[in-house]
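# Inside the fold
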Amino acid sequence: MLFRANFVTGMIIQFGWICAYLLLIHILFLHTNNIVGWSKRDMFLLGGIWLAVSDLLEATVATALLKIPEYVRYGTLDHILTRPVDSQFIISFWRFDFMRSLMLLADLGIIAYALSIESVSLNLTMVVAPLLIINGAVIGYAMSIALQSLAFWFVKVDNLWALFNGILDVAKYPLDIFGKVVKLITLTAVPLALMIMLPAQALLGRASWLLIGYSFCVSAVFLFLSRRFYQFAVRRYSSVA
Amino acid sequence: MPIIEVKNLTKRYEYYKKAPGLLASVKSLFHREKLFIEAVKNISFSIEEGELVGFLGPNGAGKTTTLKMLSGILYPTSGDARVLGYKPWERKKQYQKQFSIVMGQKNQLWWDLPAMDSFILNKEIYEVPDKQFHATVDELSALLEIKDILDVQVRKLSLGQRMKCELIAALLHSPKVLFLDEPTIGLDVVSQQKMREFIKTYNTQKKTTILLTSHYMEDVEALCKRVIIIDHGEIRYDGALSDLMDTYVDHKVLTITFTAPVEKKDLEKYGEVHEYAPLRVVLHTTKDEVKKSAAAILTKLPVDDILIDEVPVEDVIRKIFTKEAPRE
């Protein structure tokens with residue numbers, strides 16, 4: 001926030017992106033009532049949750065994780081590794097994007113608006129929906145730190161972050177539009193369905209408790225594996241003269 | 001028991017070779033030549049509590065690699081080291097709270113924020129009590145004369161001011177061991193002098209064990225009674241700086257100016273002529289002969305001024321680096 005013009009223009013651009021995405025949904029639903037059983041309200045809800053998970057990641061860890069290849073390339077991990085704080089913690093939370101945290105309020109606004117378009121019958125799964133959004137961000141974090149840790153071998157891995165964002169982008173659409181194989185992948189190896197679609201289904205009262213329990217287990221496993229991988233990767237750090 | 005103990009420490013780096021040019025770049029997509037270099041080869045030494053040791057070597061000798069292994073930044077390829085009883089690369093919190101490293105060419109301070117913000121962050125990371133933190137900042141900023149710049153953005157500070165702030169950040173938690181990697185690099189002569197005075201005072205008062213690398217002989221001469229010289233990853237000398245001179249230097253330097261021109265051949269019987277001009281000469285004479293030679297020159301030649309001096313430490317070090325001097 002020391003660079004005020006950057007802060008303000010960043011917010012304007014983010015609002016612009018959100019408006020463009022919502023406009024796209026609106027235009028799509030001028031021509032149809034539903035997409036594989038997802039109504040306009042459902043799509044706004046899905047979009048709002050996708051934005052919320054993305055902004056939660058961007059606000060907390062994304063800006064910092066993007067720097068890992070730079071740390072490896074320029075040897076700036078030195079001071080981080082000498083501090084009596086877990087280096088993964090510092091690397092992950094070193095930079096907090098305040099602007100993106102403000103955008104979370106807008107995302108919650110979109111979710112609230114979506115829920116107001118059509119009434120939703122109250123369901124217990126709605127209570128865990130906020131936890132599922134956070135859980136989605138946790139899975140996203142585990143995947144992104146594992147990907148960024150490849151920088152300890154390959155140094156420049158900018159394209160991997162673009163790949164991660166590209167994959168995450170797919171999750172703003174209902175994954176039911178894809179076949180069974182893709183659906184299976186999005187429930188296991190690349191759990192996009194658990195990150196974005198499941199919180200939306202929970203808010204709509206369509207999520208099973210089994211799947212909800214499964215998603216928390218998946219995030220625990222992903223966190224554990226990504227942690228072990230990071231610890232293995234950081235041993236390869238060779239600094240810079 | 002030594003505070004720092006290094007046994008047969010080795011570090012090998014792997015790297016890839018690539019020829020210049022576009023074709024070579026395309027070729028390297030499919031095949032690259034992998035090479036290895038041993039930056040540190042089987043070194044061993046130990047340092048007692050409170051010592052201030054100079055760690056010298058030419059560029060690429062292995063000084064910084066050694067410091068980085070001792071601070072836990074790098075894992076060694078083989079060998080062992082203990083600092084304060086800990087293996088540095090295990091990165092135990094208890095060890096990290098007791099040592100600090102200052103690298104002259106790397107910043108730990110936040111670039112866009114005032115130094116005080118970085119100090120407060122370090123205070124929280126190292127769990128320094130409030131009272132101790134304020135006392136330490138006051139004391140060190142007064143010693144280094146930078147009280148008035150602690151609230152200025154780091155990127156607006158001069159290099160000398162930045163280095164002083166780096167030093168304070170590193171000392172907030174009163175480490176028992178301090179690694180200084182070229183702390184005076186790029187500083188002007190006044191700032192260098194102030195840094196040296198500060199380091200010496202700090203070492204004397206706090207009994208902090210300090211391992212210092214530097215390319216400036218003035219740093220070494222002013223601060224270190226003991227030096228370890230490393231070259232191509234191997235230790236070439238480990239001992240007192242004064243003993244280094246005795247081991248590798250067998251002569252003294254006479255600088256003489258004359259009131260009337262003197263022939264070179266008239267000087268050669270007194271020693272080895274290193275620089276010659278009719279009114280000024282620099283002679284190297286053995287330590288045993290220097291008094292006799294000086295007395296003879298004063299008696300027989302038209303001397304205006306005569307200076308008997310030691311060989312500069314950097315000349316000795318340079319000889320060791322260029323392998324002109326025999327190994328210890």
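An account of the accompanying structure is given in this report.

Here is what the cut-offs are and how they apply
- Residues numbered from 1 in each chain as written.
- Chains lettered and ligands numbered in written order.
- Predicted model: local features only at pLDDT ≥ 70, side-chain atom pairs only at ≥ 80, totals over all residues.
- Heavy atoms only, no water.
- Helix = DSSP H or I, 4+ residues; strand = E, 2+ residues; numbered from the N terminus.
- Buried < 20%, exposed > 50% of the residue type's maximum accessible area, 1.4 Å probe, protein only.
- Contact = heavy atoms within 4.5 Å.
- Lys, Arg positive; Asp, Glu negative; His and termini not counted.
- Charge placed at Lys NZ, Arg CZ, Asp CG, Glu CD.
- Areas by Shrake-Rupley, 256 points an atom, 1.4 Å probe, with all protein chains shown as cover.
- Salt bridge = Lys/Arg side-chain N within 4 Å of Asp/Glu carboxyl O.
- Expected span 1.5 Å × (residues − 1).
- Buried area = accessible area lost by both parts, 1.4 Å probe.
- Polar contact = N/O pair within 3.5 Å; in protein donor to acceptor, adjacent residues only side chain to side chain.
- Nonpolar A, V, L, I, M, F, W, Y, C, P; charged D, E, K, R; others polar.

Scanning chain A from N- to C-terminus turns up 12 helices and 2 strands. Ordering the α and β elements of chain A from the N terminus gives α-β-β-α-α-α-α-α-α-α-α-α-α-α. Taken along its principal axes, the extent of the C-alpha atoms in chain A is 60 × 45 × 30 Å. Across the 241 residues of chain A, 48% fall into the buried class. Across chain A, every contact between residues at least 6 apart in sequence was considered, and the portion connecting residues at least 24 apart equals 79%. The centroid of the 17 positive side-chain charges in chain A is displaced by 5 Å from the centroid of its 12 negative side-chain charges.

This part takes up the overall build of chain B. The helix and strand inventory of chain B stands at 11 helices and 13 strands. Each principal axis of the C-alpha atoms in chain B carries an extent, and together these give about 70 × 55 × 50 Å. By the burial criterion, 48% of the 328 residues in chain B qualify as buried. Once local pairs closer than 6 in sequence are excluded, the contacts in chain B between residues at least 24 apart make up 71%. Only carbon and sulfur atoms are counted for the fraction: they give 51% of the accessible area of chain B, which is about 16400 Å². Placing the 47 positive and 48 negative side-chain charges of chain B at their respective mean positions leaves the two points 6 Å apart.

Residues and elements named next belong to chain B. Turning to its location among the elements, Arg162 is positioned in helix H6 (residues 159–171). One buried charged residue, Arg162, forms no salt bridge at all, with the nearest opposite charge on Glu166 at 7.2 Å. Those residues in contact with Arg162 that sit more than four places away from it in its chain are Asn107, Leu109, Trp111, Val154 and Leu157.

Looking now at the pairing of strand S5 (residues 99–103) of chain B. Each regular strand shows side chains that alternate between the opposite faces of the sheet. Of all 5 residues that make up S5 of chain B, 5 are buried, and the element is covered over most of its length. The side-chain alternation of S5 of chain B yields two buried faces, one formed by Phe99, Ile101 and Met103 of chain B and the other by Ser100 and Val102 of chain B.

It is worth spelling out H6 of chain B at this point. Residues and elements named next belong to chain B. Its 13 residues give H6 an end-to-end C-alpha distance of 18 Å, which sits within 8% of 18 Å, the value for a rise of 1.5 Å per residue. Of all 13 residues that make up H6, 11 are buried, and the element is covered over most of its length. Listing the buried residues of H6 in full gives Gly160, Arg162, Met163, Lys164, Cys165, Glu166, Leu167, Ile168, Ala169, Ala170 and Leu171. Looking at the buried side of H6, the elements it contacts are S5, helix H4 (115–125), helix H5 (130–143), strand S6 (177–181) and helix H7 (189–206).

This part covers the interface of chain B and chain A. On the chain A side, the residues contacting the 26 residues of chain B number 20 residues. For the pair chain B and chain A, the summed buried surface comes to about 2100 Å²; carbon and sulfur atoms form 61% of the total. There are 3 salt bridges connecting chain B and chain A. Glu14 of chain B serves as the salt-bridge partner of Arg236 of chain A, at 3.7 Å between the closest nitrogen and oxygen. At the junction of chain B with chain A, the criterion picks out 10 residue pairs in polar contact (both at pLDDT 80 or more). At the level of secondary structure, the elements contributing two or more residues to the side of chain B that touches chain A comprise strand S1 (4–17), helix H3 (93–96), S5 and H4 of chain B. Residues of the side of chain B that touches chain A, tallied by class, amount to 12 nonpolar, 6 polar and 8 charged.

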